[in-house]
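Next come the chains, spelled out residue by residue.
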Amino acid sequence: MQQKKKIGLALGGGFLRGAAHIGVLKVLEREKLEPDIIAGTSAGSIIAALYAAGWNTKKIEKLALSLKFKDVYDTWSALLNLLLIMGDMLGNFLKFSWPCKPPLGLMKGKNLEKFLAHQLRDSEFTNLKMTLAITAVDINCGSKVIFLRETLRAVGGPDEVYLYNIPVADAVRASTAVPGLFEPKEIKGYQLTDGGLREQVPAEVLYKMGADAILAVDVGYDGDSCTRVNSIAHLLMQTLDIIRHDAISRELKQYADLVIAPLIKDMGPLDFHRIPYAISQGEAAAREMLPEIKKLFQQ
């Protein structure tokens, strides 16, 4: 008897553009096409974690549509951290010792951490409905850090670290720690930041976990060669996109069997009002590629 093919779904990073993943999942759910394993990076790690925890797309979409600035960003900690950063810079310039340790990000990420902990509650990798992998990067050594359940082993490389028995909310917080914007999340001695620094769309992780076919969703495509930057957060997002562009193309070409790239125009990290637009674009892109998606699942 022929063994069932193991399908992997990779959800990439992209700040609020990650809402497009919900639209893709809506199409898969409607067609009863369920992946066997799922991996998420940065914004994609949030959707992947909720989906693996058993949330249906209707529930995830409702949460996304209710998302507010205060759920993600820390206004007061940003002001305090900015003062501490400026003080440290001034101290270095004037060559005097600044008494306070400078933060490693504009925001502590407490609101985001609280939001994730509330939604994912006591979720552990071992009690999820679906096999999940979350990626992050150790900012000190540049190593790729992958969170998995303990019973699952993947074939890793020399600069990869696998962490087990970590609460899912903590893993997602680490994966979403955009450098410069959020302070890193420290777990087991590693200072962890956005997984997209090493792998924007975690297709390679799924390949190493034994996926036979991989469907990847890249939410970084806006159809324009130039994008007008209008905020510091947008500047950080655009900088990361530029740095990672070539690497993303190479990795997806090597590891993904099919790539869905929703067209998401003029959406920055503060555009919460455009979340419905991102969801609809993800749904439209998946519908357009449905024949190919079905073929991938059926092969």
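The rules behind each value
Sequence positions are assigned chain by chain, starting from 1 and proceeding in written order. Local features in this predicted model are restricted to residues whose pLDDT is 70 or higher, and side-chain atom pairs enter the listing and the counts only when it is 80 or higher, whereas totals over whole chains, interfaces and linings include all residues. In computing side-chain values, all of the structure's heavy atoms are included and hydrogens and water are not. An axis is simply a line fitted to the C-alpha atoms; with a helix, the fit covers only the stretch in contact. Between two such axes, the angle follows the N-to-C directions and lies from 0 to 180 degrees. A run of H or I in DSSP counts as a helix once it spans at least four residues, and a run of E counts as a strand once it spans at least two, with each numbered from the N terminus. By the definition used in this description, the sense in which the near helix is turned from the far one sets the handedness, with an anticlockwise turn below a right angle giving left-handed and a clockwise turn giving right-handed. When checking whether two residues touch, look at their non-hydrogen atoms; a contact exists if any pair is within 4.5 Å. Each residue is assigned to one class: nonpolar for Ala, Val, Leu, Ile, Met, Phe, Trp, Tyr, Cys and Pro, charged for Asp, Glu, Lys and Arg, and polar for all the others, Gly among them. One less than the number of residues in a helix, times 1.5 Å, gives the span that helix is expected to have. The rule is simple: take the accessible area with a 1.4 Å probe, protein chains only, and divide by the maximum for that residue type; under 20% is buried, over 50% is exposed, in between is partly exposed. Arc definition: it is the arc formed by the directions from the helix axis to the C-beta atoms. Salt-bridge detection follows one rule: a side-chain nitrogen of Lys or Arg within 4 Å of a carboxyl oxygen of Asp or Glu. When DSSP finds two or more bridges between two strands, those strands count as paired.

*Asks:* It is not clear to me how the packing of helix α6 (residues 110-120) against helix α7 (residues 168-175) should be interpreted in this structure. Could you clarify?
*Replies:* When two helices pack together, you describe them by how their axes are tilted relative to each other and by the distance separating the axes. Between α6 and α7, whose axes approach to 9 Å, the crossing angle comes to 145°. In this structure, α6 crosses over α7, and the sense of that crossing is right-handed. Side by side, α6 and α7 meet where L112, E113, L116, A117 and L120 of the first sit next to V168, A169, V172 and R173 of the second. Each residue belonging to the contact of α6 with α7 can be placed in one class, and the counts come to seven nonpolar, no polar and two charged.

*Asks:* Quick question: what am I supposed to make of unusual backbone geometry here?
*Replies:* Phi is positive for S42, which is not a glycine, with a value near 55°. One can find S42 in the loop between β2 (37-41) and α2 (43-52). Backbone geometry places K188, a non-glycine residue, at a positive phi of 50°.

*Asks:* Would you explain helix α10 (residues 275-288) in this entry?
*Replies:* Taking 1.5 Å as the rise per residue, α10 with 14 residues should run 20 Å; its terminal C-alpha atoms sit 20 Å apart, in good agreement. Every buried residue of α10 is accounted for by I275, A278, I279, G282, E283, A285 and A286. Buried residues along α10 cover an arc of 165° about the axis, so they all sit on one side. The elements touched by buried residues of α10 are α1 (20-30), α3 (57-65), β11 (258-260) and α11 (290-298).

*Asks:* Before we go on, may I ask you to explain the pattern of salt bridges in this structure?
*Replies:* When charged atoms on two side chains of opposite charge get close, those side chains can pair. Enumeration according to the criterion identifies 15 salt bridges in this entry. Here K144 and E160 are joined by a salt bridge, their closest N and O atoms 3.7 Å apart. Remark: E160 occurs in strand β6 (residues 160-163) and K144 occurs in strand β5 (residues 144-147); sequence separation between them is 16 residues. Ionic pairing is found between K208 and E204, a salt bridge with its closest N-O pair at 3.1 Å. Placement of the pair is K208 and E204 together in helix α8 (residues 203-208), with a separation of four residues, close to one helical turn. Taken individually, K208 and E204 each receive the classification buried, so the pair is uniform in this respect. Within this structure, K26, R30, E61, E283 and R287 form a network of salt bridges that share partners.

*Asks:* How do you make sense of the pairing of strand β4 (residues 131-138) when you look at a structure like this?
*Replies:* In summary, the side chains of a regular strand alternate between the two faces of the sheet. Counting buried residues along β4, eight of its eight residues qualify, which places the element largely inside the surrounding structure. Of the two faces of β4, the one holding T131, A133, T135 and V137 and the one holding L132, I134, A136 and D138 are both buried throughout. Sheet topology note: the β2/β4 ladder contains five bridges and is parallel. Paired with I38 across the strands is L132, a residue of β4. Where β4 folds back onto β5 in an antiparallel hairpin, the turn is made up of five residues, including G142, whose phi is positive at roughly 80°. Judged from the three bridges that link them, β4 and strand β9 (residues 190-194) form a sheet pairing that is antiparallel. When the bridges of β9 are listed, D138 appears paired with L192.

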